[in-house]
Amino acid sequence: MADNNHSHFQHPYFVLTGIPGLEQQYYWMAFPLGAIYVIALFGNGIIISTIKSESSLHIPMYYFLCMLAFADMGLTLCTLPSMLSIFWFNYKFIAFDACLVQMYFIHTFSAIESGVLVAMAIDRVVAIWSPLRYSTILTNRVVCKTGMAILSRAVCVVFPVPFLIKRLPFYRSNILSHSFCLHQDVMRLACASTRVNSLYGLIAVIFTKGSDSLSILLSYVFILRTVMALASREGRRKALNTCVSHICAVLIFYVPLIGVSVIHRFGKHLSPLTHALMANAYLLVPPVLNPIVYTVKTKEIRKKIIQIFVQTKITAEG
């Protein structure tokens, strides 16, 4: 009878957790955290505006980079309100429906980023395998269709997740482990069987990040075979050098993702601090480091940043 009485009950809100054990330091941690968000938004915004304004960057490689920056900005904006409310204002509450919305967009933008990394890997395959046919294979039409396919896949795959959570009763704990809402974290608080949620979550991960990581791996196997077949040592070096930024972006995205997955699955004995830090790294590291990596490797983006700083300095002095 008790279970029947609570079968449709849901907490009106969840309680978010910052970084366990460091609550007394939130007042000074708020400033570095704010700086991290500024760097992420500014850096990805610069990439998007530079690619839009520089005609020399209107090629598939940079169109995909623009999509990656879009996904990173989306991840940043999804987590920014709840994290800043905790560290700046010590406000830890998030409404149940708002939590589901945040969860949906976090997982959607994460799936978009994973898909874009695959598209960028294929872009490198075509550029190295058949450079003379690069522009005829990866036309603007193909790039646009690829972008729409990546977006559609992410939206459709993640769409059932909030509804699967919505059907579950929550009448015990409502304290989450992180500063934002993740599917695994919310699901573990449910007071009913989560077998369907777990199964669908596994299928979604395999269909998106699992297949994407395998595709990227196979792409680089093909790239290495093609590069090793080149007669010139200098040619091999130049070909591999074009992949450095993408390899960094893949590692920046997948290493924290694998870390979070392993900790959720096997690290139940670890401290809450470890769980919180890994989850924060999973969502904060890619949006911050990707712009830095591509700024270092792309002359046009560096020039754009220098122009902005010069204009800002002139304005301030004036």
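Residues numbered from 1 in each chain as written. Predicted model: local features only at pLDDT ≥ 70, side-chain atom pairs only at ≥ 80, totals over all residues. Heavy atoms only, no water.

Looking at an unreviewed UniProt entry, the chain carries the name G-protein coupled receptors family 1 profile domain-containing protein, with the source organism given as Sciurus vulgaris. The annotation that UniProt attaches to the chain under Subcellular location (unreviewed entry) is "Membrane". (UniProt positions renumbered as here; feature names shortened; annotations may be inferred.)

Which residues make up the overall build of the chain, and what values do they have?
Check the secondary structure of the chain and you find 13 helices and 2 strands. Taking the principal axes of its C-alpha atoms as reference, the chain extends roughly 75 × 55 × 35 Å. Taking all 318 residues of the chain together, 46% fall into the buried category. Long-range contacts, defined as pairs at least 24 residues apart, comprise 80% of the intrachain contacts of the chain with a sequence gap of at least 6. When the 26 basic and 12 acidic side-chain charges of the chain are each reduced to a single mean position, those positions are 8 Å apart. (Helix = DSSP H or I, 4+ residues; strand = E, 2+ residues; numbered from the N terminus. Buried < 20%, exposed > 50% of the residue type's maximum accessible area, 1.4 Å probe, protein only. Contact = heavy atoms within 4.5 Å. Lys, Arg positive; Asp, Glu negative; His and termini not counted. Charge placed at Lys NZ, Arg CZ, Asp CG, Glu CD.)

Could you give an account of the UniProt feature "transmembrane region" (unreviewed entry) in the chain, naming the residues involved and the relevant values?
The residues that UniProt annotates with the feature "transmembrane region" (unreviewed entry) are residues 26-49, 61-89, 101-122, 142-165, 243-264 and 276-296. With 96% helix and 0% strand, residues 142-165 has its two end C-alpha atoms placed 36 Å apart. Segment residues 243-264 splits into 95% helix and 0% strand. End C-alpha atoms: 31 Å apart.

Give me the lowdown on unusual backbone geometry, citing residues and values where you can.
Positive phi values are uncommon outside glycine, yet Asn-90 reaches one of about 55°. Along the chain, Asn-90 falls in the loop between helix H3 (60-89) and strand S2 (93-95). Among the residues examined, Asn-90 registers a relative accessible area of 52% and is labelled exposed.

Now, about the state of the cysteines: what can you tell me, with residues and values included?
The tally for this structure, following the rule as stated, stands at 1 disulfide. Two residues, Cys-99 and Cys-181, share a disulfide whose sulfurs are 2.0 Å apart. On the sign convention where negative means left-handed, the S-S torsion of about -125° between Cys-99 and Cys-181 marks this disulfide as left-handed. Residue Cys-99 is located in helix H4 (residues 96-129), and its partner Cys-181 is located in the loop between helix H7 (160-166) and helix H8 (183-187); the two are separated by 82 residues in the primary sequence. Overall, the relative accessible area of 0% leaves Cys-99 in the buried class. In this structure Cys-156 is a free cysteine whose sulfur lies 17 Å from that of Cys-144, the closest cysteine sulfur available. According to the relative accessible area criterion, Cys-156 is exposed, its value standing at 55%. (Disulfide = S-S within 2.5 Å.)

Break down the pattern of salt bridges for me, citing the residues and quoting the values.
Overall, the coordinates contain 5 salt bridges when judged by the stated rule. Arg-237 is paired through a salt bridge with Glu-234; the nearest N and O atoms lie 2.6 Å apart. Of this pair, Arg-237 and Glu-234 both sit in helix H10 (residues 233-241), 3 residues apart, which is roughly one turn of the helix. Using a relative accessible area of 47% as the deciding quantity, one classes Arg-237 as partly exposed. (Salt bridge = Lys/Arg side-chain N within 4 Å of Asp/Glu carboxyl O.)

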